[in-house]
Amino acid sequence: MTGKLGRTARGGAQTSAGDLLDLVRSGRAVTRGALQQMTGLSRATVGQRLDRLFRAGWLREGAGGPVDSPLGGRPAITLEFDGSHAVVLAADLDTRHARTALLTLTGEILAERSGPLVVEDGPETVLDGLGRWFAELLTETGHPPEAVCGIGLGVPGPVDSETGRVVQPPMMSGWDGYDIRGRLSRAFTEHAGAAPVPVLVDNDANLMAYGEQRTGYQDCRAFVLVKVSTGIGAGVVVDGAVYRGVDGGAGDLGHIRVGTEALCRCGSYGCLAAVASGGAVARRLTEAGVPAASGSDVRDLLAGGHPEAAALAREAGRRVGDVLATVVTLLNPGVLMIAGDLAGTPFLTGVRELLYQRALPRSTAHLDVLTAKLGERAGLIGAGALVVEHLYAPERVEERLSALGV
């Protein structure tokens, strides 16, 4: 039997402690007996490998489960991932604003901080600011710096996941190719007095999609989230994993050409973001005598029921819906989620109008089109989950257990 155990077939003695932890965390095997059945390992070998996870503080015993044997007997003791042995720091960086959070390993937000932070001020200033906020979150909650096992960061640009560097980001002047991982790790060390920890960086829409899919739509095999704020981007989750393309450029909807003459921030003409993003709607409102500097200003106007803002948001939704008809036809997702500053009834109405008009009925027959459930926390939860999945992947578990000496 082959499968997610990766390195071994049933009965293969190479199944590692990391593989056993993965089975427990996923819920596929949560008793010693079930682990023996799934892996083919002996009771003694399972016990030895579980002992390493107990000594690391990563597993704990839970309540008794159902009796394994039809002859009755004592209930089997269940095994649980112990999410209290460490914490994760996460940040979601927008063009003019940032949010940070301290999370448990199971995704619960323990503390948050948000405020103005302008990406155009450059990576040195911005990442130093995030490091300072991280230290303040630890002080606020009473967690020691050594409790942090990793940091996740979402940024408004395409990211090469191998290097953690942004690649030609239209809205992040001065960030192209910058060592974000290294600088954020140093900023955390400088402000919190901590040892360096792993830093993972991804596109903000990717992390929002990952957070939403894992939290509420784990059974959805193809999930698409579209973030419409200052720019427009999409995150795609297929079979539980973020789809990034060959170098992090997947989902860059904002720079699809839609046949207009509007100048985009990327320097090209006719991009979708130039006519349908929060920034584009803000410009049109300003031209009409309604001051709006950004997508967040448009969001506030929509919340107040401003009629012109609602009309322009609906028009923007129609333009995006026209493009999404192609996306839906190509990917055949089960969920299409709208997030960001423009996510609301007027924009969603516009999306649905054009999407259902242009896409084939076959492509939308089993499609749910809705707005984000987690709101502004989606990116933080996704960033935290990305770190946890990275650190507790079976092959990395072995490295970390060896480093701990267990």
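This one's a predicted model, so the numbers in the text were calculated from it and none came from an experiment.

Student: Which residues make up the pairing of strand 10 (residues 222-228), and what values go with them?
Tutor: In terms of burial, strand 10 is largely enclosed, as seven of its seven residues are buried. In strand 10, alternate side chains face the same way, and those of Ala222, Val224, Val226 and Val228 on one face and Phe223, Leu225 and Lys227 on the other are all buried. Relative to strand 11 (residues 232-238), strand 10 is paired through seven bridges, and the arrangement is antiparallel. Paired with lysine 227 across the bridge in strand 11 is glycine 233. Between strand 10 and strand 11, which pair antiparallel and follow one another directly, the connecting turn spans three residues.

Student: Give a description of empty space enclosed by the protein that names residues and reports values.
Tutor: Summed over all chains, the structure comprises one cavity of 30 Å³ or more. Roughly 30 Å³ of internal volume is contained in the largest cavity. Among the elements of the structure, helix 8 (278-287) and helix 10 (307-331) are those that each provide at least two residues to the lining of the largest cavity. Top element by residues in the lining of the largest cavity is helix 10. It accounts for four residues. When its residues are assigned to classes, the lining of the largest cavity shows four nonpolar, no polar and three charged.

Student: Residue-level account of the sheet that holds strand 14 (residues 368-371), with values.
Tutor: Spatial ordering of the open sheet is given by 12-11-10-13-14, a layout of five strands whose pairing is mixed. The outermost strands of the open sheet, each flanked by one partner alone, are strand 12 (241-243) and strand 14. Between one strand axis and the next, the sheet turns by 25° as a mean value, whatever way the strands run. Bridging between strand 10 and strand 13 (residues 335-339) involves five bridges; their strand directions are parallel. Pairing of leucine 225 across the sheet is with methionine 337, part of strand 13. Set on the sheet, helix 6 (residues 204-216) makes contact with strand 10, strand 11, strand 12 and strand 13; between it and strand 11 the angle comes to about 45°.

Student: So what's going on with the sheet that holds strand 9 (residues 199-203)? Which residues, and what values?
Tutor: On the basis of which strands lie adjacent, the open sheet formed by five strands has the order 5-4-3-6-9 and mixed pairing. Edge positions in the sheet fall to strand 5 (109-116) and strand 9, since each of these pairs with one other strand and no more. For this sheet, the mean inter-axis angle between neighbouring strands, taken without regard to orientation, is 15°. With respect to the sheet, helix 13 (residues 378-391) is in contact with strand 3 (87-93), strand 4 (97-104), strand 5, strand 6 (148-155) and strand 9, its orientation differing from that of strand 3 by roughly 135°.

Student: Residue-level account of helix 4 (residues 123-141), with values.
Tutor: Residues three or four positions apart in an α-helix share a direction because the helix packs 3.6 residues into each turn. When the terminal C-alpha atoms of helix 4 are compared, their 27 Å separation across 19 residues agrees well with the 27 Å that a helix rising 1.5 Å per residue should span. Against strand 3, strand 4, strand 5, strand 6 and helix 5 (180-192) lie the buried residues of helix 4. Looking at the residues trailing helix 4, positive phi occurs at glycine 142, about 80°.

Student: An account of the nonpolar core is requested, with residue identities and associated values reported.
Tutor: Ranked by size, the top nonpolar core spans 36 residues in total, and within it Val226, Leu285, Leu324, Leu336 and Leu355 carry the most contacts. Elements that contribute at least two residues to this core include exactly strand 10, strand 11, helix 7 (272-276), helix 8, helix 9 (295-303), helix 10, strand 13 and helix 11 (345-358). Element by element, the count of residues in this core is highest for helix 10, at nine residues.

Student: I'd like a rundown of the pattern of salt bridges, residues and numbers included.
Tutor: Considering all chains together, one arrives at 28 salt bridges under this definition. Residue aspartate 128 is joined to arginine 183 by a salt bridge in which the shortest nitrogen-to-oxygen separation is 3.6 Å. Within this pair, whereas aspartate 128 is found in helix 4, its partner arginine 183 is found in helix 5, the two being separated by 55 residues in sequence. Ionic pairing is found between glutamate 190 and arginine 183, a salt bridge with its closest N-O pair at 3.9 Å. A single network of salt bridges, built from pairs that share partners, joins Arg99, Glu112, Arg299, Asp300, Asp341, Glu376 and Arg377.

Student: So what's going on with the packing of helix 10 against helix 11? Residues and values would help.
Tutor: Packed helix pairs are specified by the crossing angle of their axes together with the interaxial distance, meaning the distance between the axes. Where helix 10 meets helix 11, the axes come as close as 6 Å, and the angle between the chain directions of the two elements is 35°. Regarding helix 10 and helix 11, the two cross each other, and that crossing is right-handed. When helix 10 is examined against helix 11, the residues Ala310, Ala313, Arg314, Ala316, Gly317, Arg318, Val320, Gly321, Asp322, Leu324, Ala325 and Val328 are found in contact with a partner set consisting of Pro346, Phe347, Thr349, Gly350, Val351, Glu353, Leu354, Leu355 and Arg358.

Student: Could you give me a rundown of the layout of surface pockets, with the residues and numbers involved?
Tutor: Of the pockets and cavities examined, the largest pocket occupies roughly 1200 Å³. Sorting the residues of the lining of the largest pocket by element identifies helix 1 (17-26), strand 4, strand 9, helix 6, strand 12 and helix 13 as the ones contributing at least two each. Here the element with the most residues in the lining of the largest pocket is helix 13; it accounts for seven residues. Partitioned by chemical class, the residues of the lining of the largest pocket number 15 nonpolar, eleven polar and twelve charged.

Student: Give me the lowdown on the confidence of the model for the chain, citing residues and values where you can.
Tutor: Looking at the chain as a whole, the pLDDT averages 92, with 94% of positions reaching at least 70. The model gives residues 1-13 a pLDDT under 50, and that stretch makes 27 contacts with residues more than four places away or in other chains.

Basis of the calculations
- Residues numbered from 1 in each chain as written.
- Predicted model: local features only at pLDDT ≥ 70, side-chain atom pairs only at ≥ 80, totals over all residues.
- Heavy atoms only, no water.
- Buried < 20%, exposed > 50% of the residue type's maximum accessible area, 1.4 Å probe, protein only.
- Helix = DSSP H or I, 4+ residues; strand = E, 2+ residues; numbered from the N terminus.
- Pairing = 2+ DSSP bridges.
- 1 Å grid on protein atoms, 1.4 Å probe; cavity = no way out; pocket = protein on both sides within 12 Å on 5 of 7 lines; lining within 4 Å.
- Points joined across faces, edges and corners; volume = space filled by probe spheres on them.
- Nonpolar A, V, L, I, M, F, W, Y, C, P; charged D, E, K, R; others polar.
- Axes fitted to C-alpha atoms, helices over the stretch in contact; angles between N-to-C directions.
- Contact = heavy atoms within 4.5 Å.
- Expected span 1.5 Å × (residues − 1).
- Core = buried A, V, L, I, M, F, W, Y, C linked by side-chain atoms within 4.5 Å.
- Salt bridge = Lys/Arg side-chain N within 4 Å of Asp/Glu carboxyl O.
- Left-handed = near helix turned anticlockwise from the far one by under 90°.
- pLDDT = per-residue confidence, 0-100.

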